[in-house]
Amino acid sequence: MNRQTSNPSPVPLVVVVDDEIAVRESLDSLFRSIGLRTLLFASPTELLQGAVPDGPGCIILDVRLPGISGLDVQDELARHGIVLPIVFMTGHGDIPMSVRAMKAGAVDFLPKPFRDQDMLDAVAAAIDRDARRREQDAALDEMRAHYGTLTPREREIMAHVASGLMNKQVAGLLGLSEITVKIHRGNVMRKMGVRTLADLVRNAQALGIHQG
């Protein structure tokens, strides 16, 4: 399977997966009418074998498709690293099915027939969620890059400081002078691009850094 290709675009992409050509064409027209890009697939196999361009967007997925459940497709996409938010549509929806879909990360669960505005609202929410996830991922990648510039000693001191220890306490634990710890701590703050201890603590939490 081809994963999402690194070909970003500022225009959000809506991926439609439905075995009914009339549904695909109708949604294609609806989304393009408000300036969105679309990719249309008649089956999950086509989707899983195709390349989905990287960039903000979402997937519109019929919950009942020939040969496979849309919920199983949701699981398969997650296993292959495709994390675009999903809006499910169905003519046979029930409460347990919708609960499972939402717990697995679906944005909405629309019964057919649905109003165009309901679909547009669901897609807008999905694209917004995806944009926020991408911003968070980018921020985390930047933190990791900054953390990668720290020396082993600086990483050790960052973990202790972020856990709430004072410079004097860190110095005692590591057998260093307090002024040496202060210098290392200043280097950590500079390299991590933070100005306050609170910011450093948040970065440490986001990176999963713990004392010891």
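Here the structure is shown first, and the text comes after it.
Cut-offs used in this document
Residues numbered from 1 in each chain as written. Predicted model: local features only at pLDDT ≥ 70, side-chain atom pairs only at ≥ 80, totals over all residues. Heavy atoms only, no water. Helix = DSSP H or I, 4+ residues; strand = E, 2+ residues; numbered from the N terminus. Polar contact = N/O pair within 3.5 Å; in protein donor to acceptor, adjacent residues only side chain to side chain. Contact = heavy atoms within 4.5 Å. Salt bridge = Lys/Arg side-chain N within 4 Å of Asp/Glu carboxyl O. Buried < 20%, exposed > 50% of the residue type's maximum accessible area, 1.4 Å probe, protein only.

A.B. asks: Is there a simple way to explain the side chain of D130 in this structure?
C.D. replies: The residue D130 is located in helix α5 (residues 116–147) in this model. Of note is the side chain of D130, whose polar atom sits 2.9 Å from the side chain of R134. Beyond its immediate chain neighbours, meaning those up to four positions away, D130 contacts G55, P56, G57, V83, L84 and P85.

A.B. asks: Can you walk me through the pattern of salt bridges in this structure?
C.D. replies: Close approach of charged atoms allows side chains with opposite charge to pair. Tallying each qualifying case throughout the model produces 14 salt bridges. Notably, a salt bridge pairs D18 with K112, separated by 3.2 Å at the nearest N-O pair. One end of the pair, D18, is in the loop between β1 (13–17) and α1 (21–32); the other, K112, is in the loop between β7 (108–111) and α5, and 94 residues separate them in sequence. Taking relative accessible area as the criterion, D18 reaches 0% and is therefore assigned buried. The residue K112 makes a salt bridge to D62 at a minimum N-O spacing of 2.7 Å.

A.B. asks: Would you mind going over the environment of A198 with me for this structure?
C.D. replies: Tracing the backbone through its elements, the reader meets A198 in helix α9 (residues 197–207). For A198, a relative accessible area of 39% translates into the label partly exposed. Sequence separation of A198 and A162 is 36 residues, and the distance between their C-alpha atoms is 8.4 Å.

Interpretation in functional terms is not warranted from these geometric data alone.
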